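One-letter residues, chain by chain:
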Amino acid sequence: MRGRRALRSAAALGLLAMTATACSGEVARLGMPEPISDQAERMLKLWQGSWIAAFAVGVVVWGLIIWAVLFHRKRSDDLPPQVRYNMPIEILYTAVPFVIIAVLFYFTARDQNYVEKLSDDPPVVVDVTGFQWSWQFDYKEKVGGKEQTVASVVGVPVAPNAPSGAKPVMTIPSGQKVRVRLHANDVIHSFWVPALLYKKDVMPGYTNEFEFTARKEGLYEGRCAELCGVDHSRMLFQLKVVSPAEYAKFIADSKAKAAGGAQ
Ligand SMILES: [Cu+2]
């Protein structure tokens, strides 16, 4: 009796918790952070669609299990009729998973092509270098057909077991395509900004590239997502999405600072 009451209150509590959180977008995102770029929006839709498909399959499977449990209980010690070589059933459970995989494959390939697409002449190009244990951001501009570094942000490497310093900040404009080129000179790192719903390995000897267009201004956390040594967990940075005007000012200030330093 007491067990049943406890079960009932637990169920009520669970229902309350579900309705309390169901209204927030967080539940609809199924554990993903709020996306801030066009590509991240697409990734989120793929994630949600995959979950809907998985849930639909789950409902069918649970239904079949419950149906078997309720309507095919052991009624006597007689062996039930044994069925084998049932062609329609065998074709069905070969064809249905194939269709499920084909649909998942189609949407995954379509969205991967969209997210990994590189344009010919992106307005913002940033060379990102991961190193033990921080990040460097070099902003590139074409001057007379030649690429030049117009601004640099270098993180202070964290010494083993020393207190972490300030995180280096990667500033980019909203609404503009940003090309990120990933470099490493020591070991493999991984560039990860959860709000972009994207991460990519940073490889020594190979330049990985990707592009994104951020839409929401703000400051977002980024980190290394590949175990790269003793202070891997403190290899942090921030992505700052600002208006195009603020970005232009950031670049102009860097140029002025560089010119001042050269005198
Ligand atoms: Cu790392």
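Predicted, not measured: the structure shown is a model, and the values here were computed from it. (Residues numbered from 1 in each chain as written. Predicted model: local features only at pLDDT ≥ 70, side-chain atom pairs only at ≥ 80, totals over all residues.)

A.B. asks: Hey, could you go over the overall build of the protein chain for me, with residue numbers and the actual values?
C.D. replies: Looking only at helices and strands, the protein chain has 5 helices and 10 strands in total. Buried positions account for 18% of the 263 residues belonging to the protein chain. Of the contacts formed within the protein chain by residues at least 6 apart in sequence, a portion of 67% connects residues at least 24 apart. (Helix = DSSP H or I, 4+ residues; strand = E, 2+ residues; numbered from the N terminus. Buried ≥ 20, exposed ≤ 12 C-beta atoms within 10 Å, placed from the backbone. Contact = placed C-beta atoms within 7 Å.)

A.B. asks: Can you tell me about the environment of Val 193, naming the residues and giving the values?
C.D. replies: Assignment of secondary structure puts Val 193 in strand β6 (residues 189–193). Residues Val 193 and Gln 238 lie 45 residues apart in sequence; the distance between their C-alpha atoms is 8.2 Å.

A.B. asks: Describe helix α4 (residues 87–115), naming the residues involved and giving the relevant values.
C.D. replies: Helix length check: α4, at 29 residues, gives a terminal C-alpha distance of 42 Å against a target of 42 Å (1.5 Å per residue), a fit within 8%. For α4, the buried fraction is low: 1 of the 29 residues fall into the buried class. (Expected span 1.5 Å × (residues − 1).)

A.B. asks: Go over unusual backbone geometry, please, and point to the residues and values.
C.D. replies: With omega at -5 degrees, the peptide bond leading from Gln 132 into Trp 133 counts as cis. Locating Trp 133 in the fold gives a position in the loop between β1 (124–131) and β2 (134–143). Phi at Leu 30 takes a positive value of approximately 50 degrees, unusual for a residue other than glycine. Residues other than glycine seldom take positive phi values, yet Tyr 85 does so here, at roughly 50 degrees.

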